[in-house]
Amino acid sequence: MSLMLNDVRVARGKAHIIAGLSLPPLPPGSMTALIGPNGAGKSTLIHALAGLLPARGSIRLHGQALETQPAAERSRRVGLLPQTLPQAVGLTVYELLLGGLLTLGLARDEAEQRIERVLGELRLAGLALRALATLSGGQRQLVALAQLLASEPELLLLDEPNSALDLHWQLAMIEAIRADVARRGAIAVLALHDINLALRSCERVIVLHRGACVADGAPQTVLDPALLAQVYGVAARIETCSQGQPVFILDRLIRPDEV
Ligand SMILES: Nc1ncnc2c1ncn2[C@@H]1O[C@H](COP(=O)(O)OP(=O)(O)OP(=O)(O)O)[C@@H](O)[C@H]1O
Ligand SMILES: [Mg+2]
């Protein structure tokens, strides 16, 4: 039981963005960070996993090929928090969440219970009756997280879910996802630019570079200075802080003539 990718290929227009990606299985209850520079293909891969871009090769969730599943079934099983949030529509937070769950086929009672639980757990109940258009960028990102968690997908895809969040909410977001995957045995994949967040929150990191996986494993093992230099063109290192935790330190840019 896992997410399996075998020889996955994704094109955008005529450009082959992901060219033959195969990965060891992502098991239930796991959180994996997808990292890599701008344009590496993180969002492309996430959209392909979500069924929003056509992919060749094989993507199997718990043994079932996702591409052969009806769209409604796939959207129940795979949930996405996109990098670019949809424009705020003329709805309240509660209406948005309820509409989403009813569209997935939930009965109204169950949908209402889930919304109450998720908004309570995230401490967002105070936003329930606010119009989406009146929320700040970070608040909208949290509502998108609530929507994802309320839909209880087997696979959670989060594309830079912390990009608009303050320090408190970045940790709250990570804790909520960790609790959710642990409780339900779901699988989470998070595209992240924050290496420290990846280090402290994910047991595995997959490094994408030009559409290919160039490293895959435990963050502390994988993120060595040579790889960081190759992929990002920076001098950087991971050290152990005074509390014994790994910390990422960014030193400087590496000029092209240094390589
Ligand atoms: N609609 C599109 N048509 C053609 N090429 C695209 C399209 N969208 C993205 N690309 C290209 O695909 C490549 C991968 O883009 P993608 O958005 O997956 O990168 P990313 O790793 O998510 O980057 P970022 O960290 O900036 O979000 C880039 O070279 C990008 O220019
Ligand atoms: Mg992206």
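Residues numbered from 1 in each chain as written. Chains lettered and ligands numbered in written order. Predicted model: local features only at pLDDT ≥ 70, side-chain atom pairs only at ≥ 80, totals over all residues. Heavy atoms only, no water.

Draft legend 1. Expanded view of the layout of surface pockets. Approximately 660 Å³ is the volume attributed to the largest pocket. Lining the largest pocket are 29 residues, with Leu80, Leu81, Pro82, Pro86 and Gln147 positioned closest to its centre. Put simply, the parts of the chain that give the lining of the largest pocket at least two residues each are helix H2 (71-77), strand E6 (78-81), helix H3 (93-103) and helix H5 (137-150). The greatest single-element share of the lining of the largest pocket, amounting to 6 residues, is contributed by H5. Estimated volume of the second largest pocket: approximately 160 Å³. Taken together, Asn196, Leu199, Arg200, Cys241, Gln245, Pro246 and Val247 form the lining of the second largest pocket. (1 Å grid on protein atoms, 1.4 Å probe; cavity = no way out; pocket = protein on both sides within 12 Å on 5 of 7 lines; lining within 4 Å. Points joined across faces, edges and corners; volume = space filled by probe spheres on them. Helix = DSSP H or I, 4+ residues; strand = E, 2+ residues; numbered from the N terminus.)

Draft legend 2. Spatial organisation of the site of ligand 1. Around ligand 1, 13 residues are found, and the nearest of them are Gly39, Lys42, Ser43, Thr44 and His193. Between ligand 1 and Gly39 there is a distance of 2.8 Å, counted from an oxygen atom to a backbone nitrogen or oxygen. Ala40 places a polar main-chain atom, nitrogen or oxygen, 3.2 Å from an oxygen atom of ligand 1. Its residues assigned to classes, the shell around ligand 1 comprises 3 nonpolar, 7 polar and 3 charged. (Near = heavy atom within 4 Å. Polar contact = N/O pair within 3.5 Å; in protein donor to acceptor, adjacent residues only side chain to side chain. Nonpolar A, V, L, I, M, F, W, Y, C, P; charged D, E, K, R; others polar.)

Draft legend 3. Just the coordination of the magnesium ion (ligand 2), in detail. Protein coordination at the magnesium ion (ligand 2) comes from Ser43 (OG) and Gln83 (OE1), with a distance range of 2.0 to 2.2 Å. One end of the pair, Ser43, is in helix H1 (residues 42-49); the other, Gln83, is in the loop between E6 and H3, and 40 residues separate them in sequence. Given a relative accessible area of 37%, Gln83 falls into the partly exposed group. (Donors = N, O, S within 2.8 Å, 3.2 Å for Na, K, Ca; no water. Buried < 20%, exposed > 50% of the residue type's maximum accessible area, 1.4 Å probe, protein only.)

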